[in-house]
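What follows is the residue order along each chain.
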Amino acid sequence: MKKILVVTGTRADYGQLRLLIKGINDSKNLQLILVATGSHLSKKFGNTYKSIEEDGFHINYKINILGSSDTSKYLTKALGNLIGKLANIFNKESPELVLILGDRYEMLAAAVSSLMARIPIAHIHGGEITEGAIDDSIRHSISKMSHLHFVAHKEYQKRVMQLGEDKKNIHIVGGLGVDCISKTKLLSRQDLESALGWRFGEKNILVTFHPVTLENMTSKKQIMELLSALAELKNTHIIFTMPNADPDSLIITFKIQQFVKKYKNAELYPSLGQVKYLSTINQVDCVIGNSSSGLCEVPSFKKPTVNIGDRQKGRVKAESVIDCEPNKLDILKAINKAYSKNFQKGLKCVKNPYGNGNASKKILKCLEKKINHLTLKKSFIDT
């Protein structure tokens with residue numbers, strides 16, 4: 001059996017990888033080596049490694065790299081620490097392939113360690129653009145270090161080709177998040193309320209807001225603008241999820257905590273888990289923030305997304321996405337548009353550009369077919 005080592009660093013990437021991890025785990029030809037790191041091992045973020053174990057997966061290695069700080073200097077040190085620890089694991093396990101999803105610094109550490117250990121890399125969700133985040137540069141860097149590419153859209157295939165990668169190694173599979181939606185049994189409104197200890201109101205919104213990592217010292221101002229807008233809403237219940245473990249995430253969390261103490265119609269959850277998160281999207285009227293989920297998954301529910309600021313600038317998006325500036329007035333204008341009769345009517349015809357599902361099966365089939373034929377050397381293909 002061929003070893004495939006999978007690295008997961010957040011609740012978000014695990015949620016997308018879950019079906020693929022199961023496929024690898026159940027494969028007769030592949031052996032799963034699972035590494036959990038990043039916010040999975042943080043109590044503040046809900047110790048989400050427990051969700052992985054509750055799904056029946058054995059975590060071979062747990063690497064705790066987070067502490068109490070969220071500064072760029074501290075997270076850079078965490079990145080270096082993770083590279084070293086992954087190097088030891090790669091040396092011990094000698095996997096035939098390392099599987100990486102996305103663009104976070106934990107994935108950059110995995111890619112660097114794989115490259116130096118001369119282990120081929122399969123990269124999922126490359127070729128995408130997020131101009132407001134350091135993730136953009138990380139994502140393209142990982143693509144250049146990778147040997148197999150599984151992209152979500154033809155535009156992203158084109159972009160990976162622009163990086164000099166061979167088209168025969170770039171596979172359009174759609175979004176893994178959409179795949180999870182189509183395979184997940186959602187909770188009823190009553191069961192979800194019971195699981196959350198929460199009651200939905202006349203109107204309901206879900207909010208996820210992350211730091212814009214290429215902007216210096218804007219997180220406090222932007223979250224205050226958002227919260228000021230939310231405070232204006234009438235008869236609306238608000239569910240917040242935690243921001244990523246990025247620089248300046250602590251100030252966002254603190255301001256949200258202050259908000260939910262003041263407003264009884266709001267609640268903050270460290271981690272909803274995939275089933276509760278998707279079920280919540282299904283029950284709310286609108287999703288607000290700057291998370292990729294608002295562009296990649298929410299359109300499948302035919303619900304509006306209010307996308308704030310530049311964090312997701314450049315991504316392919318559905319017509320259900322409303323872009324706005326990170327200021328109170330523009331956010332309120334976007335929310336009002338999301339609730340308007342004309343916009344609501346148009347949601348019935350929305351199509352998610354990230355496909356209709358089955359990405360996990362497509363990736364698994366390709367891995368089983370190509371894992372015996374991977375080579376480390378590759379040519380730069382001029383386009």
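To be clear, the structure that these remarks concern was listed above.
Cut-off values and rules
Residues numbered from 1 in each chain as written. Predicted model: local features only at pLDDT ≥ 70, side-chain atom pairs only at ≥ 80, totals over all residues. Heavy atoms only, no water. Helix = DSSP H or I, 4+ residues; strand = E, 2+ residues; numbered from the N terminus. Rg over C-alpha atoms; globule rule 2.2 N^0.38 Å. Buried < 20%, exposed > 50% of the residue type's maximum accessible area, 1.4 Å probe, protein only. Contact = heavy atoms within 4.5 Å. Pairing = 2+ DSSP bridges. Axes fitted to C-alpha atoms, helices over the stretch in contact; angles between N-to-C directions. Core = buried A, V, L, I, M, F, W, Y, C linked by side-chain atoms within 4.5 Å.

Some points on the overall build of the protein
Part 1 of the reasoning: When helices and strands are tallied, the protein shows 15 helices and 13 strands.
Part 2 of the reasoning: The C-alpha atoms of the protein give a radius of gyration of 20 Å, which matches the 21 Å a tight globule of 383 residues would have.
Part 3 of the reasoning: In terms of overall dimensions, the protein has a C-alpha envelope of 60 × 45 × 40 Å along the principal axes.
Part 4 of the reasoning: Each of the 383 residues in the protein was classed as buried or not, and the buried ones make up 57%.
Part 5 of the reasoning: Across the protein, the fraction of contacts at a sequence separation of at least 24, relative to all contacts at a separation of at least 6, is 70%.

So, the sheet that holds strand β7 (residues 170-172)
Part 1 of the reasoning: On the basis of which strands lie adjacent, the open sheet formed by 7 strands has the order β3-β2-β1-β4-β5-β6-β7 and parallel pairing. Taken across any chain shown, the strands that pair with only one partner, and hence form the sheet edges, are β3 (61-63) and β7. Adjacent strand axes in the sheet meet at a mean angle of 20° when their direction is disregarded.
Part 2 of the reasoning: Of the strand pairs in this sheet, strand β1 (residues 2-8) and strand β4 (residues 97-101) are connected by 3 bridges, and their pairing is parallel. Across the sheet, Leu5 pairs through a bridge with Val98, a residue of β4.
Part 3 of the reasoning: Docked against the sheet, helix α1 (residues 11-26) engages β1, β2 (30-37), β4 and β5 (121-124), running at close to 165° with respect to β1.
Part 4 of the reasoning: Of the strands in this sheet, β1, β2, β4 and β5 touch helix α4 (residues 105-116), which is tilted by about 160° from β4.

With respect to the sheet that holds strand β9 (residues 236-241)
Part 1 of the reasoning: Pairing in this open sheet of 6 strands is parallel, and the strands run β10-β9-β8-β11-β12-β13 from one edge to the other. The open sheet has two free edges, formed respectively by β10 (266-269) and β13 (321-324), since each of these has just one partner strand. When the angles between neighbouring strand axes are averaged without regard to direction, this sheet yields 20°.
Part 2 of the reasoning: Bridge count for strand β8 (residues 203-208) against β9 is 6 bridges, and the pairing is parallel. Each residue of the ladder has a partner; that of Asn204, found in β9, is His237.
Part 3 of the reasoning: Packing of helix α10 (residues 249-262) onto the sheet brings it into contact with β9 and β10, and relative to β10 it is tilted by some 145°.

Comments concerning the nonpolar core
Part 1 of the reasoning: If you look at the biggest cluster of nonpolar residues, it comprises 63 residues, and the most contacted ones within it are Leu86, Leu226, Leu230, Phe240, Ile288 and Val306.
Part 2 of the reasoning: Here this core takes 7 residues from helix α3 (residues 72-93), the largest share from any one element.
Part 3 of the reasoning: If near-sequence neighbours (up to four positions away) are discounted, Leu226 is found in contact with Val207, Phe209, Ile288, Ile308 and Ile331.
Part 4 of the reasoning: In this structure, Tyr49, Phe57, Ala122 and Leu148 belong to the second largest nonpolar core, which totals 31 residues.

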